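Spelled out, the chains give:
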Amino acid sequence: MISPKNDMKRKNEKNEKKENENIQKTNDKTVFVSEIRMWTACPKQLYFKISAERKSQPDLIFNEKRAGVFENKIWREICLELPALVLEFADDINNDENNIDEKTDVIFAENSEFKNRIKKLFDEIKQEIDFENLLENDFDIENDKIEKKIEELSRNIDLTIQRNGTKFFEAASNPTAVEKSFLFEKADLFGAPPKVLIIDEKRLPYLIKISKAPSDGVWESERIAATAYLMILESEFGRQFVSDSVVIDYFGDYRYVRIRPQNRRKVFRIIRKIRDIKKGKMPREKNIRLCGGCVYREKCHVKAKTLFTKMFGGE
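Residues numbered from 1 in each chain as written. Predicted model: local features only at pLDDT ≥ 70, side-chain atom pairs only at ≥ 80, totals over all residues. Heavy atoms only, no water.

With respect to the packing of helix H2 (residues 33–41) against helix H3 (residues 43–54)
Link 1 in the chain: Packing of H2 against H3 brings their axes to within 5 Å, and their N-to-C directions diverge by 130 degrees. Comparing the axis directions of H2 and H3 gives the class oblique. Mapping the contact onto sequence places Glu-35, Met-38 and Trp-39 in H2 and Pro-43, Gln-45, Leu-46, Lys-49 and Ile-50 in H3.
Link 2 in the chain: When grouped by side-chain class, the residues that make up the contact of H2 with H3 number 5 nonpolar, 1 polar and 2 charged. (Axes fitted to C-alpha atoms, helices over the stretch in contact; angles between N-to-C directions. Helix = DSSP H or I, 4+ residues; strand = E, 2+ residues; numbered from the N terminus. Parallel < 35°, antiparallel > 145°, perpendicular 65-115°, else oblique. Contact = heavy atoms within 4.5 Å. Nonpolar A, V, L, I, M, F, W, Y, C, P; charged D, E, K, R; others polar.)

Structure below.
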């Protein structure tokens, strides 16, 4: 059962999220971190999405994957609330067996009570989320699928604790901001990191990714998005008060990585390329691996063929 304190905290976070949603773009120069994320996935996909928005056309990516979007939104909310729950169970284990560091590596993967709490939280959040804008009709997520995700989440939590103890869960359970919007005015870069944490007395962004982490470090696309959030925090609070590292939560598997100077330069390059897209320039880059299942595949092919014809002639 969710405590009144956690319930109030969730309501406050939702109110802050609604306030953030009311903030509108002021001009075409403004670049959102979400756009940087999409650009790193496929620049052409971002081009067609922005084009559709300007023509008031439906978001094809969203419509195609709306069931997955809905489910991921539930897991994302769980990840936001997870740290406090992990610490609660870690305290229970400490009380039973004196010290978590002297215990076996498996803590959560074999804890049925913890898994039941996650399942109950999943059901509660599913009911809370206003999904009328996502799906015309309600739908059921198979229990087997939910149970597999909970097993994955539990194993990932154990991995994080094996590597770092409960340090990151402690920081994530007491963030200084949750989904609060910030603007890096000089670069006209806008974003709302899921959380802003304090580690070693410095602020740093915390990101969520409901997917499998690489064997080491983080995926490049998440590193670049995290760099953009870091730059925004530096602008807001001053570089001396912000860490040079970030935390990326791969569904309970927390990765703590340092941001390098070349990551910052890459963010600025991507910002310039996104502004070109907003001026109507179609990017040359694309992620061929995504072409097969892309909802813009046909448009992309026709557009590329038209441009080629204009430049070189032919049919």
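From this point, the narrative continues.
Observations regarding the pattern of salt bridges
Link 1 in the chain: Within the structure shown, the criterion is met by 15 salt bridges.
Link 2 in the chain: Its salt-bridge partner being Lys-209, residue Glu-222 comes within 3.6 Å of it at the nearest N-O pair. Taken together, the residues Glu-222 in helix H9 (residues 220–237) and Lys-209 in the loop between strand E6 (202–208) and H9 connect sequence positions 13 residues apart.
Link 3 in the chain: The network of salt bridges with shared partners includes Arg-163, Asp-253 and Arg-255. (Salt bridge = Lys/Arg side-chain N within 4 Å of Asp/Glu carboxyl O.)

Description of the pairing of strand E8 (residues 253–258)
Link 1 in the chain: Two elements, strand E7 (residues 245–250) and E8, share 6 bridges in a ladder whose sense is antiparallel. Considered in E8, the bridge of Asp-249 is made with Tyr-254.
Link 2 in the chain: Joining the antiparallel neighbours E7 and E8 is a turn of 2 residues, in which Phe-251 adopts a positive phi near 55 degrees. (Pairing = 2+ DSSP bridges.)

Quick word on helix H6 (residues 112–128)
Link 1 in the chain: Compared with an ideal rise of 1.5 Å per residue, which puts 17 residues at 24 Å, H6 spans 24 Å between its outermost C-alpha atoms and is within 8% of the ideal.
Link 2 in the chain: Along H6, the positions that sit buried rather than exposed are Phe-114, Lys-115, Ile-118, Leu-121, Phe-122, Ile-125 and Lys-126. Projection of H6 onto a plane perpendicular to its axis shows the buried side chains occupying an angular sector of 135 degrees, all on one side. What points out from H6, more than 90 degrees from its buried face, is the exposed set Ser-112, Glu-113, Asn-116 and Gln-127.
Link 3 in the chain: Regarding H6, its N-cap is Asn-111, as a side-chain oxygen of that residue lies 3.2 Å from the backbone nitrogen of Glu-113 further along. (Expected span 1.5 Å × (residues − 1). Buried < 20%, exposed > 50% of the residue type's maximum accessible area, 1.4 Å probe, protein only. Arc of directions from axis to C-beta. Polar contact = N/O pair within 3.5 Å; in protein donor to acceptor, adjacent residues only side chain to side chain.)

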